[in-house]
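Tertiary structure, described
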Amino acid sequence: MPQKEPRPQTRREEMMLNDPLPQVITKMAVPSIIAFLITSIYNLADTFFVSSLGESATAAVSVNASLDQIIMMAGSMLAVGAASYVSRLLGAKNKEKADQVLSTAFVIAFLFGLAVAVLGSAFMVPMVRLLGATDTCQQYAVDYATYVLLVAPFMAANFVMNQCLRAEGSAMRSMIGMGFGGVLNCFLDPIFILPWGLDMGVAGASLATAISKLVSFSILILPYLTRRSVLRLSFRCFRPQRDILVQVVSVGSSSMFRSGLGVVSAIVLNNIAGGISDGVLAGIGVSTKIMMFPFGIILGFGTGFQPVAGFNWGARRYDRVKESYRFAARTAVIGAAAMGLLLALFAQPMIGLFAKGGQGEEMRQIGALCICLQCLVLPVHGWVAVVNMFCAGLGDAKGALLLSTARQGTCFLPIVYPMAWLWGAAGTASVQAVADVLTLFLAVPLIRRVMQRIQAAADGQAAGLSGEPRPAHGG
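Residues numbered from 1 in each chain as written. Predicted model: local features only at pLDDT ≥ 70, side-chain atom pairs only at ≥ 80, totals over all residues. Heavy atoms only, no water.

1. Some points on the confidence of the model for the protein chain
Averaged over every residue, the pLDDT of the protein chain is 83; residues scoring 70 or more account for 93%. Averaged pLDDT values for the elements of the protein chain fall to 71 in helix H1 (residues 8-18) and rise to 95 in helix H13 (residues 318-345). Here residues 469-475 is a poorly scored stretch, pLDDT under 50, and it has 23 contacts once near neighbours within four places are set aside; other chains count. (pLDDT = per-residue confidence, 0-100. Helix = DSSP H or I, 4+ residues; strand = E, 2+ residues; numbered from the N terminus. Contact = heavy atoms within 4.5 Å.)

Below, the structure written as structure tokens:
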């Protein structure tokens with residue numbers, strides 16, 4: 001008789017616990033990287049097509065990047081916290097609890113997105129002004145925010161489904177869900193924005209984004225509805241119990257604070273840059289979206305690495321936990337250095353694509369400076385991101401929170417006003433690179449502490465002791 005195919009979870013366990021780690025991490029990371037790259041492309045596509053309308057329209061898209069981060073704030077908190085807990089629960093063979101974690105995070109994320117949609121629509125103009133819109137780009141910012149707010153509940157829920165598909169080892173399904181929506185956005189942008197199409201201007205970019213998010217939602221939820229996923233998504237599994245909320249929020253809060261501080265830092269930077277000129281605001285905004293490409297690759301790689309570390313931690317395979325970190329750290333630093341060199345060489349031509357005609361010289365100069373400086377310190381960002389994901393995967397909520405809030409919070413906000421005051425536009429463009437270097441002073445002692453914790457657990461296991469309490473909770 002022909003042998004039966006192994007059950008998906010059995011094969012997943014075998015892969016996580018026995019296959020070569022470089023192969024496992026790469027297999028998990030590649031779909032995530034592709035999904036992040038496609039997301040970066042369609043974010044940049046909005047800016048590229050809108051740039052034909054002038055610097056003020058380009059600045060408005062940059063301002064509304066903060067709106068995306070607000071929607072991401074709770075969505076990513078629930079997604080990262082749920083994914084980390086799900087990985088550890090599956091490693092500990094507790095699928096029923098993992099189903100409850102997924103369903104609870106999904107419902108709460110949708111409700112949060114609904115609250116953002118209602119409040120944002122009710123206070124539209126004060127909101128875009130708070131985000132950094134100037135008098136000249138305010139109406140453009142309103143046009144862009146309109147349709148994005150309507151799909152905020154689906155955007156927030158997308159984060160949870162996306163991360164939990166990766167946590168169960170279905171990275172390819174996650175990539176298809178996020179990637180197809182992004183590709184669709186790139187096709188819809190010129191049709192909705194440009195005069196030869198529907199000629200909707202900035203509002204067209206917003207509508208294209210909204211449609212793509214709805215399509216991504218439909219694709220991501222399909223495996224759950226058709227029972228082709230390891231996890232089960234159901235309102236019957238909705239359990240807002242204390243232990244689930246504590247685990248999800250404690251680990252996921254690092255992502256929420258990172259997103260929240262990202263919003264605060266973006267608002268501060270937008271207001272400082274907008275106070276100088278729309279050109280400076282547009283230059284920093286465009287450079288930020290270009291840098292999403294290497295950041296997306298690093299984040300995608302880390303997202304592939306995190307469940308591998310978490311699963312082996314839950315299964316008490318401490319040797320593979322340490323080996324996975326060493327491979328991920330080495331790969332991230334080398335890859336970031338190569339990407340940084342390549343991007344720095346083409347910084348000027350890339351910024352030039354968004355500066356139409358003879359205008360935008362200030363935008364070109366500031367944008368290119370911002371890209372080159374961030375490329376210089378990209379290896380630092382890559383390594384710190386791996387340490388951050390390592391802490392999240394092991395359930396080290398404090399460590400993950402410390403690093404997640406550093407890059408655009410504790411290492412950014414204290415220096416942004418002094419640098420802008422001392423060096424003006426150039427200082428404003430340099431803040432993020434300087435903040436990245438400062439994160440090293442937090443990451444180095446943190447990784448030493450984490451490695452000591454892993455070694456202590458391994459020593460306890462070798463001595464026949466219980467080691468770390470409850471692998472599903474990871475300490």
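There's plenty left to go through after this.
2. Focus: the nonpolar core
Counting residues in each nonpolar core, the largest one holds 75 residues, and the members touching the most others are Phe106, Val160, Phe305, Tyr325 and Phe390. Every residue in contact with Phe390, bar those within four places of it in the chain, is listed here: Phe305, Ala309, Val321, Tyr325, Ile447, Val450, Met451 and Ile454. Counting residues in hydrophobic clusters, the runner-up holds 54 residues, among them Val202, Val280, Ala406 and Ala429. (Core = buried A, V, L, I, M, F, W, Y, C linked by side-chain atoms within 4.5 Å. Buried < 20%, exposed > 50% of the residue type's maximum accessible area, 1.4 Å probe, protein only.)

3. Details of helix H7 (residues 152-167)
Helical geometry note: an α-helix holds 3.6 residues per turn, so side chains three or four residues apart project in the same direction. Between its first and last C-alpha, H7 extends 23 Å over 16 residues, near the 22 Å set by a 1.5 Å rise per residue. Across the 16 residues that make up H7, a large majority, 14, are buried. (Expected span 1.5 Å × (residues − 1).)

4. Structural notes on the packing of H7 against helix H9 (residues 202-225)
Running from N to C, H7 and H9 cross one another at 40 degrees; their axes reach a closest spacing of 9 Å. Accordingly, the angle class assigned to the pair H7 and H9 is oblique. As H7 runs across H9, the sense of the crossing is left-handed. On H9, the residues touching Phe154, Met155, Ala157, Asn158, Met161, Asn162, Cys164 and Leu165 of H7 are Lys213, Leu214, Ser216, Phe217, Leu220, Ile221 and Tyr224. Grouping the amino acids of the contact of H7 with H9 by side-chain chemistry returns 11 nonpolar, three polar and one charged. (Axes fitted to C-alpha atoms, helices over the stretch in contact; angles between N-to-C directions. Parallel < 35°, antiparallel > 145°, perpendicular 65-115°, else oblique. Left-handed = near helix turned anticlockwise from the far one by under 90°. Nonpolar A, V, L, I, M, F, W, Y, C, P; charged D, E, K, R; others polar.)

5. So, the packing of aromatic side chains
Applying the stated criterion across every chain, the model contains seven aromatic pairs. When the ring of Tyr325 is compared with that of Phe390, the centres are 5.0 Å apart and the planes differ by 25 degrees; the resulting orientation is stacked. Pair noted here: Tyr325 is in helix H13 and Phe390 is in helix H16 (residues 378-393), with a separation of 65 residues, a long-range link. Judged by its relative accessible area of 10%, Tyr325 is buried. Residue Phe390 is classed as buried on the basis of its relative accessible area of 0%. By the ring-pair criterion, three or more aromatic residues cluster together here, those being Phe106, Phe110, Phe154 and Phe217. Taking the ring centre of Phe295 as reference, the NZ or CZ of Arg407 above it sits at 4.5 Å. (Phe/Tyr/Trp six-rings, centres within 6.5 Å; stacked < 30°, edge-to-face > 60°. Lys NZ or Arg CZ within 6 Å of the ring centre and 35° of its normal.)

6. Looking at a nonpolar patch on the surface
A contiguous nonpolar patch, built from Leu341, Leu342, Leu345 and Phe346 and spanning about 450 Å² of accessible area, is present on the exposed surface. Along the chain, Phe346 falls in the loop between H13 and helix H14 (347-352). (Patch = residues over 30% accessible without salt bridge, like charges linked within 9 Å, V, L, I, M, F, W, Y side chains within 5 Å. Areas by Shrake-Rupley, 256 points an atom, 1.4 Å probe, with all protein chains shown as cover. Salt bridge = Lys/Arg side-chain N within 4 Å of Asp/Glu carboxyl O.)

7. Quick word on the pattern of salt bridges
For the structure on display, the rule yields six salt bridges. Asp243 is paired through a salt bridge with Lys97; the nearest N and O atoms lie 2.5 Å apart. Of the two residues, Asp243 is situated in helix H10 (residues 242-276) and Lys97 in helix H4 (residues 95-122); the sequence distance between them amounts to 146 residues. Judged by relative accessible area, which is 31%, Asp243 ranks as partly exposed.

8. Some words on the environment of Pro31
Secondary-structure assignment places Pro31 in helix H2 (residues 21-50). Separated by 141 residues in the primary sequence, Pro31 and Met172 place their C-alpha atoms 5.4 Å from one another.

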